[in-house]
Amino acid sequence: MRRFSARELQSHLAESETTPLLLDVREEWEYEYCHIAGSILIPMGQVPAYLEELDKAREIVVICHHGIRSRHIGMYLEHAGFSNVINLEGGVEQWAADVDQTMRRY
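This is a predicted model, so every value here is computed, not measured.

Calculation criteria
- Note that residues are indexed from 1 along each chain, following the sequence as it is written.
- Only residues with pLDDT of at least 70 are given local features in this predicted model, and only at 80 or more are side-chain atom pairs given and counted; all residues enter the totals for whole chains, interfaces and linings.
- As a convention, hydrogens and water are excluded, and side-chain values are obtained from all of the structure's heavy atoms.
- Helix and strand labels come from DSSP, where a helix needs a run of H or I of at least four residues and a strand needs a run of E of at least two; each type is numbered from the N terminus.
- Throughout this description, a polar contact denotes any pair of N or O atoms lying within 3.5 Å of each other; where both atoms belong to protein, one of them has to be capable of donating a hydrogen while the other can accept it, and for residues adjacent in sequence the pair is counted only when both atoms sit in side chains.
- Only heavy atoms matter for contacts: two residues are in contact if any of them lie within 4.5 Å across the pair.
- For Phe, Tyr and Trp, rings pair up if their centres lie within 6.5 Å, where Trp contributes its six-membered ring, and each pair is then called stacked (planes under 30 degrees apart), edge-to-face (over 60) or tilted (otherwise).
- The nonpolar core is taken to be a set of buried Ala, Val, Leu, Ile, Met, Phe, Trp, Tyr and Cys residues, with the residues joined through side-chain atoms within 4.5 Å.
- Think of it in three bands: residues with accessible area under 20% of the maximum for their type are buried, residues over 50% are exposed, and the middle band is partly exposed, with areas taken using a 1.4 Å probe on protein chains only.

A.B. asks: How would you summarise the side chain of S39 if you had to cite specific residues and measurements?
C.D. replies: Structurally, S39 is set in the loop between α2 (28-33) and β3 (40-41). Looking at S39, its side chain comes within polar contact range of the main-chain oxygen of I36, at 2.7 Å. Ignoring anything within four residues of it in the chain, the contact list for S39 reads L22, D24, Y31 and I63.

Written out as structure tokens, the structure is:
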């Protein structure tokens, strides 16, 4: 699994010809409080139920608060046959610090 810092992800999104799936695996209240624009929410515990709906060929960036839950889900996705998975290290906390200082933090 690849790992991107917040700034690396920002650059990757700006330069990528295709839009990766930004998969936020936090809880609904966390997502409602703050999230990266364009991301979709599938809480960590619900990811197994959505595996069939996710495209194994599409690049998937997994996001959480600090990067720990997303790393676990990234490993789970790789084990399930997803080959193009990226973990956002530092999660939305680092994104708010380095990329979008207007984002609410908790």
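From this point, the discussion proceeds with the structure in view.
A.B. asks: A description of the packing of aromatic side chains should follow, citing residues and the corresponding values.
C.D. replies: This structure, assessed with the given rule, holds two aromatic pairs. Consider the rings of W29 and Y106, whose centres lie 5.4 Å apart with planes at 65°: the pair is edge-to-face. In this pair, W29 sits in helix α2 while Y106 sits in the segment after α5 (91-98), placing the two residues 77 residues apart along the sequence. The interplanar angle of 80° and the centroid separation of 5.7 Å between the aromatic rings of Y33 and Y106 together place this pair among those described as edge-to-face. Taken together, the residues Y33 in helix α2 and Y106 in the segment after α5 connect sequence positions 73 residues apart.

A.B. asks: An account of the nonpolar core is requested, with residue identities and associated values reported.
C.D. replies: Of all hydrophobic cores here, the largest spans 15 residues; its most connected members are I36, V61, I63, L88, W95 and M103. Secondary structure elements with two or more residues in this core: α1 (6-15), β4 (60-63), β5 (85-88) and α5. Counting residues per element, this core draws most heavily on α5, at three residues. What L88 contacts, discounting residues up to four positions off in sequence, is F4, S5, A6, L9, I36, V61, V62, I63, G67 and S70. Core analysis: the next-biggest nonpolar cluster, separate from the first, contains 14 residues, L23, V47, V62 and V85 among them.

A.B. asks: Please set out the environment of C64 residue by residue, giving values where relevant.
C.D. replies: Of note, C64 is situated in the loop between β4 and α4 (68-79). Judged by its relative accessible area of 1%, C64 is buried. Those residues in contact with C64, other than ones at most four positions away along the chain, are V25, R26, R69, S70, G91 and V92.

A.B. asks: Give me the lowdown on the environment of E52, citing residues and values where you can.
C.D. replies: Assignment of secondary structure puts E52 in the loop between α3 (47-50) and β4. The spatial distance from the C-alpha of E52 to the C-alpha of Q94 is 30 Å, given a sequence separation of 42 residues.

By themselves, these figures tell us nothing about what the structure is for.
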